[in-house]
Amino acid sequence: AFPEALAACADLDALLRLKGAYVGREGSHAARLMELLKAAPKEQKRELGAAANALKTQWEEGLRTRQAELEEARKRAAALASGWDPTLPPPVPAQGALHPLNRLMDRLVDVFRPLGYHVEEGPEAETEEHNFDGLNIPEDHPARGSADTFYFRQGGGLLLRTHTSPVQVRVLKRIGAKGPDGLSELERSGGIRFLAPGRVYRKDEIDPTHSPMFHQVEGMLVGKGIGMHHLKGTLSYAMKALFGPGADVRFRPSYFPFVEPGAEMDVRCPLCGGSGCRVCKGSGWVELLGAGLIHPNVLAYAGIDPAVWSGFAFGMGVERTAMMVSQTPDLRLFFENDQRFLNSMGGLD
Ligand code: FA5
């Protein structure tokens with residue numbers, strides 16, 4: 001009978017054969033029924049016809065259901081054969097995370113926040129005025145040349161900022177401008193301290209400690225009676241927060257047109273402990289930042305009276321700092337985005 005024959009169909013081929021035998025156009029059970037119907041006596045035709053149709057519909061529905069079942073079974077078998085196991089839980093998508101350099105900049109912000117510093121920002125496409133003029137950098141300074149600085153071809157004096165110091169000029173101009181009450185924001189607040197983290201660009205040859213694109217964190221404090229001791233105390237505190245209480249730093253006199261006096265701060269090379277290696281070029285020390293007391297010309301340029309106000313500024317290399325904190329011997333690793341390297345950088349949090 002039909003239900004048993006249907007259940008016995010183990011695959012789609014058998015089902016198609018059964019389909020032909022029951023509802024096929026010629027020679028099938030359904031076709032034979034129609035012939036019998038034609039030969040039936042006239043007064044029985046209505047009743048017999050309805051019964052024949054019901055039977056045919058029942059066959060068709062049974063065949064359709066069974067066909068769907070067999071197709072599903074065939075798909076599952078093919079998937080299993082291909083090595084896919086539908087009973088396994090779905091793969092967990094890899095989760096995104098902040099880049100180690102961003103995490104280090106966030107951490108620096110966290111170190112300075114309790115000291116009253118907030119975050120300021122400036123554009124990466126800067127004007128010569130903010131990048132050089134406002135920072136007391138002379139017209140003939142080599143850093144202004146196209147050998148060191150990326151200029152936009154369209155002209156307009158736009159360049160890719162070579163350091164985060166132009167943010168100093170932007171903020172100083174803003175807080176130095178007199179308001180409607182005749183007072184500047186600086187006069188109203190009595191001082192300011194901020195960090196400016198961001199990307200900078202230079203035509204530097206790429207090597208283990210240099211990249212044409214890198215990051216800096218600028219720091220600035222403006223107040224009254226600010227001296228080098230405030231700068232040294234602040235940076236020593238920050239380095240201990242970053243590298244641990246045993247952090248060994250030194251300050252060397254240096255020159256930047258926008259500070260006077262100027263200094264550079266080195267940290268004892270954590271890769272070799274000071275005995276000399278490739279990263280510290282044998283010296284045992286790695287330069288992390290430039291700093292100094294704000295040059296009077298920089299304050300005056302922004303409309304701030306250097307006889308009243310003073311302050312300090314520093315600019316820290318983020319890749320260099322990240323190398324030291326994580327003991328990474330080559331800053332290029334931070335830009336190659338090898339997941340194994342990035343995932344190993346837990347120490348920067
Ligand atoms: C400056 O950029 C000054 N604007 C810093 C400053 C700010 C001085 C405020 C005084 C007051 P310098 O060119 O030395 O200085 O760069 C600062 C730091 O950036 C360096 O100490 C170094 O850590 C890092 N650095 C410089 N060039 C590169 C480079 N090509 N790749 C990676 N890091 C770099």
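Residues numbered from 1 in each chain as written. Predicted model: local features only at pLDDT ≥ 70, side-chain atom pairs only at ≥ 80, totals over all residues. Heavy atoms only, no water.

Caption draft 1: Layout of the overall build of the chain. Looking only at helices and strands, one finds 13 helices and nine strands in the chain. Here the C-alpha radius of gyration of the chain, 39 Å, is well above what a compact globule of 349 residues would show, namely 20 Å. When its C-alpha atoms are laid out on the principal axes, the chain stretches across 125 × 60 × 40 Å. Here the chain holds 349 residues, and the buried ones make up 41% of them. Intrachain contacts of the chain at a sequence separation of at least 6 include 66% that bridge at least 24 residues. Total accessible area computed for the chain in this model is approximately 19100 Å², and 54% of it derives from carbon and sulfur atoms. (Helix = DSSP H or I, 4+ residues; strand = E, 2+ residues; numbered from the N terminus. Rg over C-alpha atoms; globule rule 2.2 N^0.38 Å. Buried < 20%, exposed > 50% of the residue type's maximum accessible area, 1.4 Å probe, protein only. Contact = heavy atoms within 4.5 Å. Areas by Shrake-Rupley, 256 points an atom, 1.4 Å probe, with all protein chains shown as cover.)

Caption draft 2: Structural context of the site of the ligand. Around the ligand, a shell composed of 26 residues is seen, among which H163, S165, R202, D204 and E287 lie nearest. Contacts to the ligand include R202, whose side-chain N or O atom sits 2.8 Å from an oxygen atom. Q216 has a polar side-chain atom sitting 3.1 Å from an oxygen atom of the ligand. Within the complex, 94% of the 680 Å² of free accessible area of the ligand lies under protein. (Near = heavy atom within 4 Å. Polar contact = N/O pair within 3.5 Å; in protein donor to acceptor, adjacent residues only side chain to side chain.)

Caption draft 3: Structural context of the sheet that holds strand β7 (residues 259-268). Taking strand neighbours across the sheet as the criterion, the seven strands line up as β1-β4-β5-β9-β8-β7-β6 in an open arrangement whose pairing is mixed. Of all the strands in the sheet, just β1 (118-119) and β6 (249-254) have a single pairing partner and so form its edges. With six bridges connecting them, β6 and β7 associate as antiparallel partners. Paired with R252 across the strands is E264, a residue of β7. (Pairing = 2+ DSSP bridges.)

Caption draft 4: Examining the pairing of β7 more closely. Among the 10 residues that make up β7, seven are buried, leaving the element largely enclosed by the rest of the structure. Two successive antiparallel strands, β6 and β7, enclose a turn made up of four residues. In terms of strand pairing, β7 meets strand β8 (residues 285-294) through eight bridges, oriented antiparallel. From the neighbouring strand, V267 faces β8, where its bridge partner is V286.

Caption draft 5: Here's a closer look at helix α7 (residues 166-176). Within α7, eight of the 11 residues are buried, which leaves the element mostly enclosed by the surrounding structure. Listed in full, the buried residues belonging to α7 are P166, V167, Q168, V169, V171, L172, I175 and G176.

Caption draft 6: A look at the confidence of the model for the chain. Averaged over all residues, the pLDDT of the chain equals 92, while 99% of them reach at least 70. At the level of chain-chain contacts, confidence expressed as ipTM amounts to 0.99, with global pTM at 0.76. (pLDDT = per-residue confidence, 0-100.)

Caption draft 7: How the structure looks around the packing of helix α5 (residues 100-112) against helix α11 (residues 318-326). Where α5 contacts α11, the axes come no closer than 10 Å and their chain directions differ by 95°. Judged by the angle between their axes, α5 and α11 are roughly perpendicular. From α5, L101, L104, M105 and R107 reach across to α11, where they touch V318, E319, T321, A322 and V325. Classifying every residue of the contact of α5 with α11 gives six nonpolar, one polar and two charged. (Axes fitted to C-alpha atoms, helices over the stretch in contact; angles between N-to-C directions. Parallel < 35°, antiparallel > 145°, perpendicular 65-115°, else oblique. Nonpolar A, V, L, I, M, F, W, Y, C, P; charged D, E, K, R; others polar.)

Caption draft 8: Molecular detail of the side chain of E264. By the element assignment, E264 lies in strand β7. Residue contacts for E264: discarding those within four places in its chain leaves R250, F251, R252, S254, F256, E287, L289 and G290.

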